[in-house]
Amino acid sequence: MKRGNLWLWSAAVLVYAFLYIPLIIVVLYSFNDSRLNAEWVGFTLFWYKALFNNTEMLLAARNSLVIALCASFCATLLGTMSGLAIHRYKLKVLPVLVFTPVAMPEILLGVSILLFFLQVLNFTLGMVSIIIAHTTFCIGFVAIIVRARLQGMDESIFEAARDLGASPWQTFRLVTLPLIMPAVVAGALMSFTLSIDDFVITFFTKGVGEPILPIQIYTMIKVAVTPEVNAISTLLMLLTLVMIIIAARLESNGSSEGNAKPHTAE
Amino acid sequence: MIKDGTKEKQLARLLVSGPPLLFLIVFFVAPSLIMILTSFRFPGEFGGLAPVTPPSDKAIGEYGFTSDAYQFFFSDFIYTEIFLKSFAVAFGTTLICLILAYPLAVLIARSRKHLRNLMVLLVILPFASNFLIRIYAWMIILGPESALSHFLNTVLGAFGIAPVTLLFSPFAVLVGMVYVHLPFMVLPLYTNLEKHDLSLLDAAQDLGANAWQRFWRVTWPLSLPGVFSGSALVFIPVLGMFAVPDILGGTGDILIGNLIKDQFLGTRDWPFGSALSIMLTMAVLSIAGLTTWFARSATGQRAI
Amino acid sequence: MALLEIRNVTRRFGSYTAVDNVSIDVEAGEFFTLLGPSGCGKTTLLRMIAGFDLPDSGQILLDGKDMVGIPPEKRPVHTVFQTYALFPHMTVADNIAFPLKMAGKAPQEIKKRVNELLERVHLPNFGNRFPHELSGGQKQRVAFARGLVNRPRLLLLDEPLGALDAKLREEMQIELINLQKEIGITFIFVTHAQDEALALSHRIAVMNRGNVEQIDEPSKIYSAPRNHFVADFIGKISVMNAAVMEAAPSHLKLAIEGLGEVTAPAREGVEVGDRGVLAIRPEQVRISHPSNESQLKNHFRGKVHDFLYVGDVTTYIVELVNGAYIEALLPNSAPGRAKFFEVDDEVTISWRHDAGIFLNDHQ
């Protein structure tokens, strides 16, 4: 088995290198004193300064933040309800509607919402349409996380609360909600991250008005590539890194409270 | 579970499942239906759609419903070719992802708990970076001024072969697709492999199987549900992706996604764009269905 | 009036009848057990008493009032769940305090009662611990405390000792009996372990496939089972086909196929010519060397087929001349001698004239 391990470890290291080297290059060149991403000239923070002076970019960042906050709020609310409902009741329609947007290519959702807004609602595309579109595909992620949490819990706990005198609402407030809270927060963080990063759906539903961050990046890549792109990329990576670590911490903290299903005699 | 039938229980059910259901019906089901409808309409004069009924008796042009958009698809082979190319790219990406992901997934599954969590986190982290950044990174690496290109062309030059451009080529598209989707293959695989009973391998070894046989006859068949899940999670998104060919590909490398994007934001031929989207949806549903069917029959149990 | 009256309760799931026209009365202060194999309906019945399920027909009366339709949180009935169901995000003290909080008791009262119960279940300083820090037995006791603190009219226990190892189980059984005696609350205990039922209960209802087979004190359930099922389910028993030759008020004379005449205790409702089985417990069957003359009325020759040594006793499985097998229990009291008989040894099997019981075929 030892020899096999060497092969496995080498393969693993190669794959990790494959995953990380490109990103390291992006980060590195954000500090490069050269317009071209070709060779290293010298260390500079010029591109970061340029970034903060780029009003368009700052506006785009602000818009993306607003969208992410709104979308993750709505998605967390609706997604938690979905996760609860799907786990507790034998529903046939809701699971399909909740999970399909997650499984389908994003372009389909983007295109159909564009059509819907312009054709049916006669509504100009803009921040609102983006928020709605983001919410739609984030609901599924929150629902999955919340439902997974519920599935790992001992069902009798909720019955015990009722048995000991708690009304359904009290049971939800005092028992259910505290216990799913880590999953709800993880879902919120996930939605926030997905929304900030989303390109495809935003691309179709943004209309021609406000600048949005991923679209700005896209335009820069296609039209005029400068290491400003590297700089904004690095900053975004940092942000999502922090979010993911917090989310991962919360998930593992929640499960250490002994929520694993206890074994039964039969 | 408390028995259904009490009014209280039904009210609770409505309150909890109602709002999400309503939201999704309005903003997911309705748009999907609209898209189906749109694919059967005529394109408007200045983009968009032509009205269903003519504005006046004397109006010229085409109105109402038609299957023109679908016929248009089949009128020129290039469209079918793009569809086939997309399938080929999706298939290739899935295969490469599988080959790269499998050893890593095995290693993660066999590691101790703390190391395992760290390794999984390290796989997810690149996914945390912006999607465009991951594509952009390869623009840098494959670009004509990059170290890699210089190195490659020097080597080729030594053999008397003309220099090649790595960027804006099918190769670049493939690399980009693999890079973006690799984590999606690793996670389901590792989740499956983690559940394997290692004593089965010991038993096989005890009965005379060598390393390759142990893998092929024990590990691989047991990992099939994970393989199918991972493959579906890669294949389906790749089919619809347009950003990678758009940024890393050349003019001849467009896929279905690019075609659809052009119809909506370029030529504004909505019926054709919708028809293409419907066809993509059909393709995706078939793949999903096939995957589930394969997984069930290969393992005799529910895959997901 | 009994504390709890279950009257003609039926519960069906589709075409499957889980509880079939069951009627049971439970008296105040009793330790009452529902005993039966998996699927006999005992848990379904318990859930209907707790309020988590509704009967399709029948009534469940507590203190004379029908509870059907009243939700679980409004019933003065609490449950100890099989998996304990302690709230993982609350301390032990908060867990126990929960029903008191729901009942709106004052904080001082709550504190007092929680400490009282912690003392009673021998966990005096555990209030600030969390469930995941406790052992199985400790979680068990917290679950008991939580169910009792609000002094419900009834405490329902759904196989609570199932997850414990043998030694701990025995200890908890004794604790449970004492707890119930001290507090005086009526217990309804559900289990499939017949030895547990016999040890703990004042009365047992043996259930099978939705029906109640027999309700009696443990000793009567053991020594006078009403039918095949109860006889077979409780303890070990040997059965042999028999026909009634004589039915007197003081005794029965049975003819056992291929063996001969046997004297058995009298039984009501048995007539000459009835066919059935003679059922006899292993401890009632004596095994001895063929040379010893047996004093007992019923004695026959046989050959040892197999035996089971369990430390304090050995159960011998003996084949009689008619091909039937009978089990005989022999205490291993003589030190230094592990067994008295070997396989294929010739032995004499005997039992008293008032041992065993005749069960009619149609019971």
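Only a predicted model underlies this, so the values are computations on that prediction, with no experimental measurement involved. (Residues numbered from 1 in each chain as written. Chains lettered and ligands numbered in written order. Predicted model: local features only at pLDDT ≥ 70, side-chain atom pairs only at ≥ 80, totals over all residues.)

1. Examining the overall build of chain A
Secondary structure assignment for chain A yields eleven helices and zero strands. Residue pairs at least 24 apart in sequence account for 79% of intrachain contacts in chain A once pairs closer than 6 positions are excluded. (Helix = DSSP H or I, 4+ residues; strand = E, 2+ residues; numbered from the N terminus. Contact = placed C-beta atoms within 7 Å.)

2. A few points about the environment of T240(A)
Relative to the helices and strands, T240(A) resides in helix α11 (residues 228-255). We classify T240(A) as buried; it has 20 C-beta atoms within 10 Å. (Buried ≥ 20, exposed ≤ 12 C-beta atoms within 10 Å, placed from the backbone.)

3. Some words on the packing of helix α4 (residues 136-148) of chain C against helix α5 (residues 166-183) of chain C
Residues and elements named next belong to chain C. Across the interface, α4 lies against α5 with an axial gap of 12 Å and an inter-helix angle of 20°. In terms of orientation, α4 and α5 fall into the roughly parallel class. Helix-helix and strand crossings are classified by hand; for α4 and α5 the assignment is right-handed. Contacts between α4 and α5 involve G137, Q140, F144 and L148 from the first element and L168, M172, L179 and I183 from the second. Considering only residue class, the contact of α4 with α5 consists of six nonpolar, two polar and no charged. (Axes fitted to C-alpha atoms, helices over the stretch in contact; angles between N-to-C directions. Parallel < 35°, antiparallel > 145°, perpendicular 65-115°, else oblique. Left-handed = near helix turned anticlockwise from the far one by under 90°. Nonpolar A, V, L, I, M, F, W, Y, C, P; charged D, E, K, R; others polar.)

4. Concerning the interface of chain A and chain B
With 64 residues of chain A at the contact, the number on the chain B side is 66 residues. The greatest single-element share of the side of chain A that touches chain B, amounting to 14 residues, is contributed by helix α1 (residues 2-29) of chain A. Taken together, the residues of the side of chain A that touches chain B sort by class into 53 nonpolar, nine polar and two charged.

5. Considerations on the sheet that holds strand β19 (residues 346-351) of chain C
Residue and element names in this part refer to chain C. Reading across from one edge, β15-β19-β16-β17-β18 is the order of the five strands in this open sheet, with antiparallel pairing throughout. Strands with a single pairing partner mark the edges of an open sheet, and in this sheet they are β15 (286-288) and β18 (325-331). For this sheet the average axis-to-axis angle between neighbouring strands, irrespective of direction, equals 45°. Sheet topology places strand β16 (residues 298-309) next to β19; six bridges connect them, and they run antiparallel. Residue pairing across strands places G302 opposite V347, the latter belonging to β19. (Pairing = 2+ DSSP bridges.)

6. Examining helix α7 (residues 170-194) of chain B
Residue and element names in this part refer to chain B. Here α7 contains 25 residues, and its C-alpha end-to-end distance of 35 Å stays within 8% of the 36 Å for a straight helix at 1.5 Å per residue. Maximal helix bending in α7 amounts to about 45°, located at H181; proline P183 follows within four positions. For α7, the buried fraction is high: 20 of the 25 residues fall into the buried class. (Expected span 1.5 Å × (residues − 1). Bend = angle between axes of the 7 residues up to and from the residue.)

7. With respect to the confidence of the model for chain C
Residues and elements named next belong to chain C. Within chain C, residue pLDDT values average 90, and 97% of them lie at 70 or more. At the level of individual helices and strands, chain C shows its lowest average pLDDT in β15, which scores 87, and its highest in strand β3 (residues 31-35), which scores 96. Scored by ipTM, the complex comes to 0.83, with pTM at 0.80. (pLDDT = per-residue confidence, 0-100.)

8. Overview of the sheet that holds strand β11 (residues 238-247) of chain C
Residues and elements named next belong to chain C. Strand order in the open sheet formed by five strands is β13-β12-β11-β14-β20, and the pairing between neighbours is antiparallel. For this open sheet the edge positions go to β13 (260-265) and β20 (357-360), each flanked by a neighbour on one side alone. Averaged over neighbouring strand pairs, the angle between their axes works out to 45° when direction is ignored.

9. With respect to helix α3 (residues 77-110) of chain B
In this model α3(B) runs 49 Å from its N-terminal to its C-terminal C-alpha over 34 residues, within 8% of the 50 Å that 1.5 Å per residue would give. When the local axis directions of α3(B) are compared, the greatest deviation, roughly 35°, occurs at A101(B), which is followed within four positions by the proline P103(B).

10. Some points on the nonpolar core
By size, the foremost hydrophobic cluster in this structure holds 254 residues, and its most contacted members are A105(B), W138(B), V186(B), L248(B), I188(C) and L278(C). Counting residues per element, this core draws most heavily on α7(B), which supplies 15 residues. Looking at this core, you find at least three residues from each of domain 1 (4-231) and domain 2 (236-360) of chain C. Not counting residues within four places of it along the chain, the set of residues in contact with W138(B) comprises P22(A), A172(B), V175(B), G176(B), Y179(B) and L248(B). (Core = buried A, V, L, I, M, F, W, Y, C linked by C-beta atoms within 7 Å. Domains from an automatic or database assignment.)

11. Describing the pairing of β11(C)
Residues and elements named next belong to chain C. Note: β11 against strand β14 (residues 275-280), six bridges, orientation antiparallel. Across the sheet, residue A243 finds its bridge partner in β14, namely R275. Bridge analysis of β11 against strand β12 (residues 251-256) gives five bridges, and the strand direction is antiparallel. Within the sheet, the bridge partner assigned to E246 lies in β12 and is K253. Between β11 and β12, which pair antiparallel in sequence order, lie three residues.

12. Quick word on the domain arrangement of chain C
Residues and elements named next belong to chain C. Along its sequence, chain C is carved into domain 1 (4-231) and domain 2 (236-360). Using only C-alpha atoms to locate each centre, domain 1 and domain 2 end up separated by 39 Å. At the junction of the two partners, domain 1 supplies five residues and domain 2 supplies four residues. Here the residues of the side of domain 1 that touches domain 2 are counted per class, giving three nonpolar, two polar and no charged.

13. Focus: the environment of G136(C)
Residues and elements named next belong to chain C. Here G136 is to be found in helix α4. Between the alpha carbons of G136 and K297 there is a distance of 51 Å; along the sequence they are 161 residues apart. Ignoring any residue separated from it by four or fewer positions in sequence, one finds G136 in contact with A163 and L164.

14. Some thoughts on unusual backbone geometry
Residues and elements named next belong to chain C. For H122, which is not glycine, the phi dihedral falls at a positive 60°. As for its placement among the helices and strands, H122 is situated in the loop between α3 (107-120) and α4. Positive phi, normally seen in glycine, also occurs at R209, with a value near 50°. With respect to the helices, strands and loops of the structure, R209 is situated in the loop between β9 (203-208) and β10 (211-216).

15. Observations concerning the packing of helix α5 (residues 131-142) of chain B against α7(B)
Residue and element names in this part refer to chain B. The geometry of α5 relative to α7 is characterised by a closest axis approach of 10 Å and an angle of 140° between their N-to-C directions. By the angle class used here, α5 and α7 are oblique. In the crossing of α5 with α7, the sense of the turn from one axis to the other is right-handed. Contact residues: α5 offers F131, R134, I135, W138 and L142, while α7 offers A172, V175, G176, Y179 and V180. Broken down by class, the residue content of the contact of α5 with α7 amounts to eight nonpolar, one polar and one charged.

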